[in-house]
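Analysis of the macromolecular model
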Amino acid sequence: MTTMRTRTDNALEIRDLRGGYRGTQVLHGISLDVPAGSITALLGPNGAGKTTLLRMVSGLLRPTAGSVTFNGQDTAKLSPTRRAAAGLCLIPEGKGVFPNLTVKDNLRLQIPPRARSRSYEEALELFPVLRRRLNSPAGRMSGGEQQILALARARLASPSLILLDEVSMGLAPRIVEQIFDALRILSSSGAALLMVEQYVSQALAMSEFAYILDRGTLSFGGRASELDADSVMESYLKQGRA
Ligand SMILES: Nc1ncnc2c1ncn2[C@@H]1O[C@H](COP(=O)(O)OP(=O)(O)OP(=O)(O)O)[C@@H](O)[C@H]1O
Ligand SMILES: [Mg+2]
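Residues numbered from 1 in each chain as written. Chains lettered and ligands numbered in written order. Predicted model: local features only at pLDDT ≥ 70, side-chain atom pairs only at ≥ 80, totals over all residues. Heavy atoms only, no water.

**A closer look at the overall build of the protein chain**
Each helix and strand counted, the protein chain has eight helices and ten strands in total. A compact globule built from 242 residues would reach a C-alpha radius of gyration of about 18 Å, and the protein chain, at 18 Å, matches this within 12%. Taking the principal axes of its C-alpha atoms as reference, the protein chain extends roughly 50 × 50 × 40 Å. The buried share among the 242 residues of the protein chain stands at 48%. For the protein chain, the share of sequence-separated contacts (at least 6 apart) that also reach a separation of at least 24 residues comes to 67%. (Helix = DSSP H or I, 4+ residues; strand = E, 2+ residues; numbered from the N terminus. Rg over C-alpha atoms; globule rule 2.2 N^0.38 Å. Buried < 20%, exposed > 50% of the residue type's maximum accessible area, 1.4 Å probe, protein only. Contact = heavy atoms within 4.5 Å.)

This is the structure in structure tokens:
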């Protein structure tokens, strides 16, 4: 039996998105979908506009044209806070935790007011490495542990879409593997992930769909299995020279 796909099958639909910063257009008409519950990779070399795109989706930066539809709802008039309350979560590059607060408080703060009775225990069950660190300031933990805390916090917000900006950045390869395991755990809660990653081969291995951004336009959009990491890396180098 076939089922009809409806708009709401996509957690995120971006259509002809344009914009950037004062005087510089960064995105030149981007259209992409993130199916509900999927893992979708957003790849591209430095400066391609990946972070800019995530900032527009989360509402931190206003596009000059185009649309961002989240779970069937046009977001044009929604503030970043309203988008977060509706289930959209951004883990910005290197800024996913409050370093001066304890791990416990970092987790507690993330529980929405309407769910005060809920405990952070569910996050600790998924990410047990945090348990023995509960009373340490988050900033004293290793980089990898801090990123796992950022993922645990995201999980507590029960989002339907999580935007991840290079959560593996600056970590040793062994730790990067742990982060990718943690991302799989996060995804198993049912949230869709739109993942910006520099580790192309790991990102492709765990993603169902992938997009490649090339100086503000998409050069590829489709199944991750259609791409191989070496060719993607080569395309980055060509773009760098262009
Ligand atoms: N706050 C800003 N003001 C002006 N220009 C900016 C700003 N942030 C980024 N840019 C420019 O916008 C372009 C896209 O940057 P962006 O950070 O989105 O790229 P990226 O794909 O995330 O790169 P990276 O892989 O290095 O993180 C770059 O040319 C960058 O210099
Ligand atoms: Mg970036």
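**A short note on the sheet that holds strand 1 (residues 10-21)**
Overall, antiparallel pairing links the four strands, which are arranged 2-1-4-5 in an open sheet. Looking at strand neighbours, the two that pair on one side only are strand 2 (24-35) and strand 5 (73-74), the edges of this open sheet. Relative to strand 2, strand 1 is paired through nine bridges, and the arrangement is antiparallel. Note that in strand 2 the partner of Leu-17 across the bridge is Ile-30. Helix-sheet contacts for helix 1 (residues 50-58) involve strand 1, strand 2 and strand 4 (65-70), and the interaxial angle to strand 1 is about 115°. (Pairing = 2+ DSSP bridges. Axes fitted to C-alpha atoms, helices over the stretch in contact; angles between N-to-C directions.)

**What about the site of ligand 1?**
Near ligand 1, the surroundings consist of Tyr-21, Val-26, Pro-45, Asn-46, Gly-47, Ala-48, Gly-49, Lys-50, Thr-51, Thr-52, Glu-93 and Glu-166. In this structure, an oxygen atom belonging to ligand 1 sits 3.1 Å away from a side-chain N or O atom of Asn-46. The separation between an oxygen atom of ligand 1 and a polar main-chain atom of Gly-47 is 2.8 Å. Coverage of ligand 1 by the protein chains reaches 58% of its 640 Å² of free accessible surface. Of all the elements, helix 1 adds the most residues to the shell around ligand 1, at three residues. (Near = heavy atom within 4 Å. Polar contact = N/O pair within 3.5 Å; in protein donor to acceptor, adjacent residues only side chain to side chain. Areas by Shrake-Rupley, 256 points an atom, 1.4 Å probe, with all protein chains shown as cover.)

**Points about the pattern of salt bridges**
Taken as a whole and judged by the stated rule, the model has nine salt bridges. In this structure, Asp-33 and Arg-15 form a salt bridge, with 2.9 Å as the shortest nitrogen-oxygen distance. Of this pair, Asp-33 sits in strand 2 while Arg-15 sits in strand 1, and the two are 18 residues apart along the sequence. For the salt bridge of Arg-132 with Glu-145, the shortest nitrogen-to-oxygen distance reads 3.6 Å. Taken together, the positions of Arg-132 in the loop between helix 4 (121-126) and helix 5 (143-156) and Glu-145 in helix 5 put the pair 13 residues apart, joining distant regions of the chain. Overlapping salt bridges bring together Arg-132, Arg-133 and Glu-145 as one network. (Salt bridge = Lys/Arg side-chain N within 4 Å of Asp/Glu carboxyl O.)

**Here's the deal with the sheet that holds strand 3 (residues 39-43)**
Here we have six strands laid out as an open sheet, ordered 6-7-8-3-9-10, and mixed in their pairing. In this open sheet, the two edge strands, each paired with only one partner strand, are strand 6 (88-91) and strand 10 (217-223). Ignoring which end each strand starts from, the neighbouring axes of this sheet average 15° apart. Here six bridges tie strand 9 (residues 209-214) to strand 10, and the two strands are oriented antiparallel to one another. Considered in strand 10, the bridge of Ile-212 is made with Phe-220. Relative to strand 6, helix 5 is tilted by about 170°, and along the sheet it contacts strand 6 and strand 7 (161-165). Packed onto the sheet, helix 6 (residues 173-187) meets strand 3, strand 7 and strand 8 (192-196) and runs at close to 150° relative to strand 8.

**Details of the pairing of strand 4**
Bridging between strand 1 and strand 4 involves five bridges; their strand directions are antiparallel. Considered in strand 4, the bridge of Arg-15 is made with Ser-67. Where strand 4 and strand 5 come together, two bridges link them in antiparallel fashion. Paired with Phe-70 across the two strands is Gln-73, which belongs to strand 5.

**Section: helix 1**
For the α-helix, the turn length of 3.6 residues means that residues three or four positions removed from each other point alike. For helix 1, the buried fraction is high: seven of the nine residues fall into the buried class. For helix 1, the set of buried residues is Lys-50, Thr-52, Leu-53, Leu-54, Met-56, Val-57 and Ser-58. Following helix 1 by one or two positions, Gly-59 adopts a phi angle in the positive range, close to 95°.

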